[in-house]
Amino acid sequence: MAFGARMFKTGLAVTLALYMAMLFDFKSPVVAAIAAIFAMQPSIYRSWRYFLDQLQTSTLGAILAMLGGYFLSNQPISVGLVCIVVIMICMKLKMGETIGLTLVTVISVMEASGQWDFALNRFILTIIGIVSAFLINILVFPPKPKEQYITRIHMVFGKMSLLLRTAISHEMKDTVYRSEKKELESSIKSLSDKYNLFEEEQKKLKKAKYSQARQLVVYKQLLQSLRKGYDVLDAVENHYFQTERTEKTDVDFDHNLERLMKYHEHILWKFEGKLKPNEEEAETMAESNEEFMEQVMSGPGAAPGGLRLSVVAAAMYDYGYQLDRLNRVAEQINRISGEQESEETLLSWLRK
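Residues numbered from 1 in each chain as written. Predicted model: local features only at pLDDT ≥ 70, side-chain atom pairs only at ≥ 80, totals over all residues. Heavy atoms only, no water.

Caption draft 1: How the structure looks around the overall build of the chain. Counting secondary structure elements, the chain contains 13 helices and zero strands. Within the span of the chain, comprising 352 residues, buried residues form 43% of the whole. Accessible area for the chain stands at about 19,000 Å²; split by element, carbon and sulfur atoms hold 59% of it. (Helix = DSSP H or I, 4+ residues; strand = E, 2+ residues; numbered from the N terminus. Buried < 20%, exposed > 50% of the residue type's maximum accessible area, 1.4 Å probe, protein only. Areas by Shrake-Rupley, 256 points an atom, 1.4 Å probe, with all protein chains shown as cover.)

Below, the structure is given as structure tokens:
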């Protein structure tokens, strides 16, 4: 497991929370440390959102815990009942992410059987932990999800390119192939999670800029293209080798995959400003995609047992279609960027 910035920042947030609790001479500073662990979020927006939501649910939880401790004592059954009520309220308010830390607050407050000063102490410790995590998150290696997303796109494409280019030839060892494919699936899921962060942020911000909306379209299409490439791998693994085929069929499928990978690679180069606009390449690729699909459907796909080959060809066709869409987006944004920001590449625009 690689050492990441979030690991470091979590440890730093815990340290800061403990020092702040000790500075103000609070008892049981471990509550602040626990709050800091829960409050560390993958983006600044989520940190702020979590801070606001947790402030509400922790306040509510502390009040209910104090009332429960006062009227019901701190017996285990009483603590469990109050926890159930708090969970129901958090879910009703659509603040499910705050449940864990809110329950920690409830349990620690009920320990005092309704003593308001003890409850206030625990509540303040929780806030100290949340604030510590928020400050560390925005001051120390602040999250740069856009830059990380673009970097991960290139890394995932490199891994997928290797697998696709050896999928038909079956050159890679089976154990290595399965391991690499599993890692690729995990990487695409991670990219999907990052995209969800962008989408969530834009939907929550009422005055999102038009440029941000355009960025979201590009991010989505970059991810969709990788997903379709992975679908090709699945189709090859599940269908291609389960049917009889000629050497020419293998060569045709392998060449078409190579053509698709080069096209994908060229599109990513356009995002880095390394290639000039080239509409002929897109037209040629679209024609080749259509020709290959027709060739398979009228040839090996129409032969007995050729349905599986048609499934693989359809996955390749869909992959090519998504690449064509990605290329059109790149060309369109390049033209806009060329008019508005002549000295800036599309890649730098995406990372803003």
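Caption draft 2: Expanded view of the packing of aromatic side chains. Following the criterion strictly, the structure yields eight aromatic pairs and no others. The interplanar angle of 90° and the centroid separation of 5.4 Å between the aromatic rings of Tyr 240 and Phe 241 together place this pair among those described as edge-to-face. Owing to a relative accessible area of 0%, Tyr 240 belongs among the buried residues under this scheme. Three or more aromatic residues joined by ring pairs make a cluster, and in this case those are Tyr 240, Phe 241, Phe 253 and Phe 292. (Phe/Tyr/Trp six-rings, centres within 6.5 Å; stacked < 30°, edge-to-face > 60°.)

Caption draft 3: Inspection of a nonpolar patch on the surface at higher detail. Taken together, the side chains of Ile 63, Leu 67, Tyr 70, Phe 71 and Leu 72 define a hydrophobic patch exposed on the protein surface, amounting to about 570 Å² of accessible area. With respect to the helices and strands, Leu 72 occurs in helix 3 (residues 44-72). Since its relative accessible area comes to 44%, Leu 72 is described here as partly exposed. (Patch = residues over 30% accessible without salt bridge, like charges linked within 9 Å, V, L, I, M, F, W, Y side chains within 5 Å. Salt bridge = Lys/Arg side-chain N within 4 Å of Asp/Glu carboxyl O.)

Caption draft 4: Highlighting helix 4 (residues 76-92). Taking 1.5 Å per residue as the helical rise, helix 4 with its 17 residues ought to reach 24 Å, and the 24 Å between its terminal C-alpha atoms agrees with that figure. Where helix 4 is concerned, the buried positions are Ser 78, Val 79, Val 82, Cys 83, Val 86 and Cys 90. Taken around the axis of helix 4, the buried residues stretch over an arc of 135°, which confines them to a single face. Turned more than 90 degrees away from the buried face of helix 4 sit Ile 77, Met 88, Met 91 and Lys 92, all of them exposed. Packed against the buried residues of helix 4 are helix 3 and helix 5 (99-110). One or two steps after helix 4, the chain reaches Lys 94, where phi turns positive at roughly 60°. (Expected span 1.5 Å × (residues − 1). Arc of directions from axis to C-beta. Contact = heavy atoms within 4.5 Å.)

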